[in-house]
Amino acid sequence: MANTQQTKALVLRELHEKGILVLPNAWDAGSAALIAQGGAKAIATTSGGVSWSAGKPDQQALSRDEMVALVRRIADTVDVPVTADIEGGYGLAPEDVAATVTAVIEAGVVGVNLEDSKPDFTLFTAEEQAARIRAAREAAERAGLPELVINLRTDVFLFGIGEPEGRAADVLARAAVYAEAGADSLFVPGLLDLAVIAELVEGQPLPVNVMAGPGAPTVAEFEAAGVRRVSLGTAVAQAAYSLARRAAAELVDHGTYDALDGALDFGAVNSSFTR
């Protein structure tokens, strides 16, 4: 294990310990380079954006090898720590999760997002997910990167699991089990209620990560509620692809180019990359 990779893993850990870590998610090497140039202290991939960059839909339509190859290009392009969205681990069994973690570490990653939901949008039990977390942690140790940051995503709020009034309690119970199994942080997409977020922050031991976007509270408001990490999921990739479609439709339908106003010039983009 290269010392630089261990150093990056420690940096990523430290970024969860003070202040608030903001992550505009990348989807390919080019977007990662520009996001790092924009000041991001770490790069998080978005599984949706990575899949779209390969012309496939989200939800593990890519094979493990395809995902790893794309993530490797991102890790090779930037100097900051990279954490990869490995979705559900590319398989249901703990051994599948272990194989995926081993592969992304070899690709240069120092953190992962691991979901507790299945392809049918049901959730693993807390105990089943704990076995998968332990497999990820053990794989990291075998790979020489025990410092790997495991950001455990629970989809209780995102998928509306159970009665609304019981979801926070479900997340709290899961978080206790996940922390014991070796998770480093808790990602709760689909939750923007600051009062509930504060309850989760106070009620369990893991740093809390939320997914933001237009209409969400500001980063400062999340920080005041105790959140330690804010990411954007597919939002930046969606905006980029939306611009591509808008510009194409304007050109085809009207023969004009107004959608391209405000873009970085060729030199600014081109100089963001090295040979």
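Shown above is the structure to which this text applies.
Residues numbered from 1 in each chain as written. Predicted model: local features only at pLDDT ≥ 70, side-chain atom pairs only at ≥ 80, totals over all residues. Heavy atoms only, no water.

1. Comments concerning the sheet that holds strand S6 (residues 185-187)
Neighbouring strands of a sheet are bound in pairs by backbone hydrogen bonds; such pairs are parallel or else antiparallel.
For step 1, the next point in the chain: Here we have eight strands laid out as an open sheet, ordered S1-S8-S7-S6-S5-S4-S3-S2, and parallel in their pairing. In the strand order of this sheet, the two ends are held by strand S1 (21-23) and strand S2 (43-44), each with one partner.
For step 2, the next point in the chain: Where strand S7 (residues 208-211) meets strand S8 (residues 229-231), three bridges bridge the pair, whose relative direction is parallel. Considered in S8, the bridge of Asn209 is made with Arg229. (Pairing = 2+ DSSP bridges. Helix = DSSP H or I, 4+ residues; strand = E, 2+ residues; numbered from the N terminus.)

2. Side note on the side chain of Asn25
For step 1, the next point in the chain: Tracing the backbone shows Asn25 in the loop between S1 and helix H2 (29-37).
For step 2, the next point in the chain: Engagement of the side chain of Asn25 in a polar contact is seen with the backbone nitrogen of Leu232, the distance being 2.8 Å.
For step 3, the next point in the chain: One polar contact links the side chain of Asn25 to the main-chain amide nitrogen of Gly233, over a distance of 2.9 Å.
For step 4, the next point in the chain: Not counting residues up to four positions away in its chain, the partners in contact with Asn25 are Ile35, Ala44, Thr45, Thr46, Ser231, Leu232, Gly233 and Val236. (Polar contact = N/O pair within 3.5 Å; in protein donor to acceptor, adjacent residues only side chain to side chain. Contact = heavy atoms within 4.5 Å.)

3. Points about the packing of aromatic side chains
For step 1, the next point in the chain: By the definition in use, this model includes three aromatic pairs.
For step 2, the next point in the chain: Their ring planes at 70° and their centres at 6.1 Å tell us that Trp52 and Tyr241 sit as a pair that is edge-to-face. In this pair, Trp52 sits in helix H3 (residues 47-53) while Tyr241 sits in helix H10 (residues 235-254), placing the two residues 189 residues apart along the sequence.
For step 3, the next point in the chain: By relative accessible area, which is 32% here, Trp52 ends up partly exposed.
For step 4, the next point in the chain: Where Phe121 meets Phe159, the ring centres are 5.1 Å apart and the plane angle is 90°; that geometry is what we call edge-to-face. In this pair, Phe121 is assigned in the loop between strand S4 (111-115) and helix H6 (126-142) and Phe159 in the loop between strand S5 (149-153) and helix H7 (167-181), connecting sequence segments 38 residues apart.
For step 5, the next point in the chain: Relative accessible area serves as the criterion here: at 43%, Phe121 is assigned to the partly exposed category.
For step 6, the next point in the chain: The class of Phe159 is partly exposed, set by a relative accessible area of 26%.
For step 7, the next point in the chain: Here the aromatic cluster, defined as three or more aromatic residues joined through ring pairs, consists of Trp27, Trp52 and Tyr241.
For step 8, the next point in the chain: Across the ring face of Phe124, the terminal group of Lys118 is positioned such that the distance to the ring centre comes to 5.2 Å. (Phe/Tyr/Trp six-rings, centres within 6.5 Å; stacked < 30°, edge-to-face > 60°. Buried < 20%, exposed > 50% of the residue type's maximum accessible area, 1.4 Å probe, protein only. Lys NZ or Arg CZ within 6 Å of the ring centre and 35° of its normal.)

4. Here's the deal with a nonpolar patch on the surface
For step 1, the next point in the chain: A cluster of nonpolar side chains, namely Leu243, Leu251, Val252, Tyr257 and Leu260, defines an oily patch on the protein surface of about 520 Å² accessible area.
For step 2, the next point in the chain: Tracing the sequence through the fold places Leu243 in helix H10.
For step 3, the next point in the chain: The exposure class assigned to Leu243 is partly exposed, which follows from its relative accessible area of 31%. (Patch = residues over 30% accessible without salt bridge, like charges linked within 9 Å, V, L, I, M, F, W, Y side chains within 5 Å. Areas by Shrake-Rupley, 256 points an atom, 1.4 Å probe, with all protein chains shown as cover. Salt bridge = Lys/Arg side-chain N within 4 Å of Asp/Glu carboxyl O.)

5. Thoughts on H6
For step 1, the next point in the chain: Taking 1.5 Å of rise per residue, the 17 residues of H6 would be expected to cover 24 Å, and the 24 Å separating its terminal C-alpha atoms lies within 8% of that figure.
For step 2, the next point in the chain: Looking at H6, one finds that the buried residues are Ala126, Gln129, Ala130, Arg132, Ile133, Ala135, Ala136, Arg137, Ala139 and Ala140.
For step 3, the next point in the chain: Trailing H6 by a residue or two, Gly144 shows a phi angle of about 85°, which is positive. (Expected span 1.5 Å × (residues − 1).)

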